[in-house]
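# Fold and contact review
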Amino acid sequence: MSDFDRLCKEFENIEFEEYALLLKEKSMKVLPALAVVSQGGLSGIEIFGSFITAAVVADGKLAEEEYALLYPMLNLFFGETLDYESCKKAVKQMASEGKELKKLTNEMVDVLGILSKNLKEDIIIICMLICAVDGKVSLKEKLWIKQLIKD
């Protein structure tokens, strides 16, 4: 088993309190660092939103756990109440088109390329945590994360 697979397993089995604490800790490091970054006309916060969106869409499904975790962020970004069923349909449509996820992934790889190694690792961990929130990092999610890891 590779270190990557071991880390995925660890995140799949993490207790919620530890999960929430780790996600908060990593986000608190990433957000201020991204606040000074601008790439392709996007602010650091918008870039972070793209990372989160891509992590949710990576497997083409929106688990209720992902929705519950991301609801406050979605509400903040879109400024309106988004119900689970509407979000689920949007994720399914985005995943079926494929182009949007590919575009987001390419943008993410570009942004990761200009960041420090530690910041890049923190962002990848956040993405892995989001993928693991439903208790399973699927093969599609693993393949997507591995695209981000490539140098």
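The structure we're discussing is the one just above.
Residues numbered from 1 in each chain as written. Predicted model: local features only at pLDDT ≥ 70, side-chain atom pairs only at ≥ 80, totals over all residues. Heavy atoms only, no water.

## Some details on the packing of aromatic side chains
What counts is decided by this rule: For Phe, Tyr and Trp, rings pair up if their centres lie within 6.5 Å, where Trp contributes its six-membered ring, and each pair is then called stacked (planes under 30 degrees apart), edge-to-face (over 60) or tilted (otherwise). Helix and strand definitions follow DSSP, with helices as H or I runs of at least four residues and strands as E runs of at least two, each counted in order from the N terminus.
This structure, assessed with the given rule, holds one aromatic pair. Aromatic side chains Phe 16 and Tyr 19 sit 6.3 Å apart centroid to centroid with 20 degrees between the ring planes, which places their arrangement in the stacked category. Highlighted residues: Phe 16 and Tyr 19, both in helix H2 (residues 16-35), separated by three residues, approximately one helical turn.

## Some remarks on the packing of helix H6 (residues 99-114) against helix H8 (residues 139-149)
Applied cut-off: Lines fitted to C-alpha atoms define the axes, with helix axes restricted to the stretch in contact, and inter-axis angles between N-to-C directions lie between 0 and 180 degrees. It only takes one pair of heavy atoms within 4.5 Å for two residues to be counted as in contact. Residue classes follow a fixed rule: Ala, Val, Leu, Ile, Met, Phe, Trp, Tyr, Cys and Pro count as nonpolar, while Asp, Glu, Lys and Arg count as charged, and any other residue, Gly among them, counts as polar.
One can describe the packing of H6 onto H8 by two numbers: an axis separation of 9 Å at closest approach and a directional angle of 35 degrees. Between H6, through Leu 101, Thr 105, Met 108, Val 109 and Leu 112, and H8, the contact on the second element is made entirely by Trp 144, Gln 147 and Leu 148. Partitioning the contact of H6 with H8 into residue classes produces six nonpolar, two polar and no charged.

## Details of the nonpolar core
What counts here: The criterion is simple. A nonpolar core is a set of buried Ala, Val, Leu, Ile, Met, Phe, Trp, Tyr and Cys residues joined through side-chain atoms within 4.5 Å. Only protein chains enter the area calculation, which uses a 1.4 Å probe; residues under 20% of their type maximum are buried, those over 50% are exposed, and those in between are partly exposed.
The biggest cluster of nonpolar side chains holds 46 residues, and the ones touching the most others in it are Leu 34, Phe 51, Leu 115, Ile 123, Cys 127, Trp 144 and Ile 145. For this core, the secondary-structure elements that each account for two or more residues are helix H1 (3-12), H2, helix H3 (44-57), helix H4 (64-78), helix H5 (84-97), H6, helix H7 (117-132) and H8. Each residue touching Ile 123, except ones within four places of it in the same chain, is listed here: Val 30, Leu 34, Phe 51, Leu 112 and Leu 115.

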